[in-house]
Amino acid sequence: MSENFEPVIIGFTCNWCSYRAADLAGTARVKYAPNVRLIRMMCSGRLDPTFVMKALSGGADGVLITGCHPGECHYIEQNYKALRRFILLKRTLTQMGIEPGRIKLVWASAAEGVRLAAEITKMVEEVRALGPLNWNSEQVSVSSNQSSVISDQSPTLITVH
Amino acid sequence: MSKPKFAMYWAASCGGCEIAVLNIHEKILDVDANFDVVFWPVAMDAKYKDVEAMDDESILLTLFNGGIRNDENEKMAKLMRRKSKILVSFGSCACEGCIPGLANFSNVDEIIDTAFHTLTTDNGSEFKLQTHYSVPEGEIHIPTLLPLLKTLDQVVKVDYYMPGCPPESHQIAAVIDLVIQVLQGKATLPSPGATIGVGNSTVCDECKRARNEKKIKYFTRIQLTHPDPALCLLEQGIPCNGPATRSGCGALCPAAGAQCIGCYGPAEGVMDYGSRLISSFASVIDGNTPEEIEKVIDGIADPAGQFYRFSLAGSLLRGSKTARS
């Protein structure tokens, strides 16, 4: 394994807590590993498992999901849904041969900038130890999956010779 | 004017798609009346070289079923693409990989080992699979397996998708009717890349079972329980793939008392079939602590197999890490 390997981690953050925690860490000049690319969502409950699959298949080495502590969700209980999806997703990914350490769920309130920074640094080191995932070695193309019922009329004409 | 040409080819598939086509009953006579069937290995004798000799795009309509498992499949996919004006990815294998695509959980060595050395077969340790073999008459070649089974559209451009394992015969009949109408100038084709012979919603939308707010306290297997025949199966803890599966079949399985297993592939707008199912199953689990949730999920014996039974090869990950190594 290359000693220069810098893991790419996609981090999904909640607008109301963990995104602000990351912001706080920045304002307070708390140092943490620069390997995580944060994406802000309105809630951890918005996290469609497809996002995780897309990240991993597109070249990420790990995915970090963050949200408000249980009982503190801005939308009452959506972080519980995130937790349930995370557990089922992790089991499925384990069957696919993706190490459990590559997917992590962290609760972080808006005040926990220092803790979130520590968790990120910890995860980066864990994923670094696991090595590159290299899932995108073969370019993945997924059809746009558009559909039209058979009655759909469109202006394409075929000619017959 | 000579009749337009029709072809049907099978790659890694079971032959069920061909039966589904023949199952359109007397409408098959319309196919014969309107088309000149030039290549259809299961129904008539024609050689690959006959197809190679045809002009490019000289076949109007090709229904291509089966996944791309080996180099022969891949070569034929490219050949049929070149010779066809309209190439339809026909059936679940060609669209998402289907059951043959489940081999994407294993690598080629494991597949060969399972087929020739374990479980039902004892060939002895000296047996070795060879793709080339010399006989007095010359050298024999058999196709080589690709590392991963691919869907048709991962190999060539596809004009239309027609999912289903197999596609329902009434849907095939409707598609053939439409093509004939197009030939007669009475209709136009759907936009390129469209999924045809399907509905625009999910199996749940076609399912007659009663639905309430879901709170799943446990998952079980259908053979271990006696489900209420009028109530949503998922509500009764039976992993039913209806929420992520495209409509078009008329919810046949739930109507017959069995759970949907997802043969019609991802519903409209779903990029990764398994992810959509993970989302819909997990959201309705009745439990808020990791322990409670784990206990409910324990009831799903094989999550990856449950969520990707028909769509592993067409999923975002395409296969397991082992298969890709």
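Everything numeric in this text was worked out from a predicted model, so none of it was measured. (Residues numbered from 1 in each chain as written. Chains lettered and ligands numbered in written order. Predicted model: local features only at pLDDT ≥ 70, side-chain atom pairs only at ≥ 80, totals over all residues.)

> Tell me about the environment of Leu22(B), and please be specific about residues and values.
Checked against the element boundaries, Leu22(B) lands in helix H1 (residues 16-22). Judged by local crowding, Leu22(B) falls into the partly exposed class, with 13 C-beta atoms found within 10 Å. (Helix = DSSP H or I, 4+ residues; strand = E, 2+ residues; numbered from the N terminus. Buried ≥ 20, exposed ≤ 12 C-beta atoms within 10 Å, placed from the backbone.)

> Outline the confidence of the model for chain A, listing residues and values.
For chain A, mean pLDDT is 86; residues scoring 70 or higher make up 83% of the total. Throughout residues 139-161 of chain A the model reports pLDDT below 50, and contacts reaching past four residues in sequence, or to other chains, amount to 48 contacts. (pLDDT = per-residue confidence, 0-100. Contact = placed C-beta atoms within 7 Å.)

> Hey, could you go over the pairing of strand E6 (residues 132-135) of chain B for me, with residue numbers and the actual values?
All names here are of chain B. For E6 and strand E7 (residues 138-141), the ladder comprises 4 bridges, and the chain directions are antiparallel. Across the sheet, the residue bridging to Tyr133 is Ile140, located in E7. Once E6 ends, the chain turns through 2 residues before running back antiparallel as E7. (Pairing = 2+ DSSP bridges.)

> Account for the sheet that holds strand E2 (residues 36-41) of chain A, naming residues and giving values.
Within a beta sheet, neighbouring strands are joined by backbone hydrogen bonds and run either parallel or antiparallel to one another. All names here are of chain A. Pairing is parallel in the open sheet, where 4 strands are placed in the order E2-E1-E3-E4. Either end of the sheet is taken by a strand with one partner, and the two such strands are E2 and strand E4 (103-107). Put simply, the sheet's adjacent strands are angled 20° from each other on average, direction ignored. Running at roughly 110° to strand E1 (residues 9-14), helix H1 (residues 18-27) makes contact with E1, E2 and strand E3 (62-67) of the sheet. Here helix H4 (residues 113-130) sits on the sheet and contacts E1, E2, E3 and E4; the angle it forms with E3, its principal contact strand, is near 160°. (Axes fitted to C-alpha atoms, helices over the stretch in contact; angles between N-to-C directions.)

> Outline the environment of Phe51(A), listing residues and values.
Within the secondary structure layout, Phe51(A) lies in helix H2 (residues 49-57). On a C-alpha basis, the gap between Phe51(A) and Pro132(A) in space is 19 Å, while along the polypeptide they are 81 residues apart.

> Lay out the nonpolar core in plain terms, naming residues and giving numbers.
A general trend in soluble globular proteins is that nonpolar side chains are found buried together. Counting 136 residues, the largest nonpolar core has Ile9(A), Leu56(A), Val63(A), Tyr9(B) and Phe64(B) as its most contacted members. Inspection of this core shows a minimum of three residues originating in each of domain 1 (5-99 + 148-183) and domain 3 (203-324) of chain B. (Core = buried A, V, L, I, M, F, W, Y, C linked by C-beta atoms within 7 Å. Domains from an automatic or database assignment.)

> Describe the sheet that holds strand E9 (residues 160-162) of chain B, with residues and values.
Residue and element names in this part refer to chain B. One open sheet holds the 5 strands; their spatial order is E2-E1-E3-E5-E9, and the pairing between them is parallel. Only two strands of the sheet have a single neighbouring strand rather than two, namely strand E2 (36-39) and E9. Adjacent strand axes in the sheet meet at a mean angle of 25°, parallel and antiparallel pairs treated alike. Strand contacts of helix H4 (residues 71-83): strand E1 (5-10), strand E3 (59-65) and strand E5 (84-90), with the helix running at about 135° to E5, the strand carrying the most contacts.

> Requested: an account of the pairing of E1(B), with residues and values cited.
The two faces of the sheet receive side chains in turn, since in a regular strand these alternate between them. Residues and elements named next belong to chain B. Most of E1 sits inside the fold, with 6 of its 6 residues counted as buried. Of the pairings in the sheet, the one linking E1 to E2 comprises 3 bridges and is parallel in character. The partner of Phe6 across the bridge, within E2, is Val37.

> Before we move on, can you summarise the confidence of the model for chain B with the specific residues and values?
When pLDDT is low, close inspection of the predicted coordinates is not appropriate. On average, residues of chain B carry a pLDDT of 94, and 99% of them reach 70 or more. Prediction confidence for the complex, expressed as pTM and ipTM, is 0.91 and 0.93 respectively.

> Describe the packing of helix H3 (residues 78-95) of chain A against helix H10 (residues 273-283) of chain B, and please don't skip the residues or the numbers.
Axis separation between H3(A) and H10(B) bottoms out at 8 Å; the angle between their running directions is 135°. Classified by the angle their axes make, H3(A) and H10(B) are oblique. The two elements H3(A) and H10(B) cross, and the hand of that crossing is right-handed. On H10(B), the residues touching Lys81(A), Arg84(A), Arg85(A), Leu88(A), Leu89(A) and Thr92(A) of H3(A) are Gly274(B), Ile278(B), Ser279(B), Phe281(B), Ala282(B) and Ser283(B). Each residue belonging to the contact of H3(A) with H10(B) can be placed in one class, and the counts come to 5 nonpolar, 4 polar and 3 charged. (Parallel < 35°, antiparallel > 145°, perpendicular 65-115°, else oblique. Left-handed = near helix turned anticlockwise from the far one by under 90°. Nonpolar A, V, L, I, M, F, W, Y, C, P; charged D, E, K, R; others polar.)

> If you had to explain the packing of helix H2 (residues 27-34) of chain B against helix H7 (residues 169-183) of chain B to someone new, which residues and values would you point to?
Residue and element names in this part refer to chain B. Contact geometry for H2 and H7: axes closest at 10 Å, N-to-C directions at 30°. By the angle between their axes, H2 is roughly parallel relative to H7. In terms of crossing hand, the pair formed by H2 and H7 is left-handed. Residues Lys27, Asp30, Val31 and Asn34 of H2 lie in contact with H7, whose contacting residues are Ala173, Ile176, Ile180 and Leu183.

> Quick rundown of unusual backbone geometry? Include the residues and the values.
Pro166(B) follows Cys165(B) through a cis peptide bond whose omega is -10°. Mapped onto the elements, Pro166(B) comes out in the loop between E9 and H7. At Ile76(A), a position not held by glycine, the phi torsion is positive, near 75°. Among the secondary structure elements, Ile76(A) is positioned in the loop between E3 and H3. Using a count of 10 C-beta atoms within 10 Å as the deciding quantity, one classes Ile76(A) as exposed. We note that Cys98(B) has phi near 55°; this positive angle belongs to a residue other than glycine.

> Describe H2(A), with residues and values.
Side chains that are three or four residues apart share a direction in an α-helix, a result of its 3.6 residues per turn. All of the buried residues in H2(A) are Pro49(A), Val52(A), Met53(A), Lys54(A), Ala55(A) and Leu56(A). Residues of H2(A) that are buried in the fold lie against E1, E3, H3 and E4 of chain A together with H10 of chain B. Just downstream of H2(A) lies Gly59(A), where phi reads positive at about 120°.

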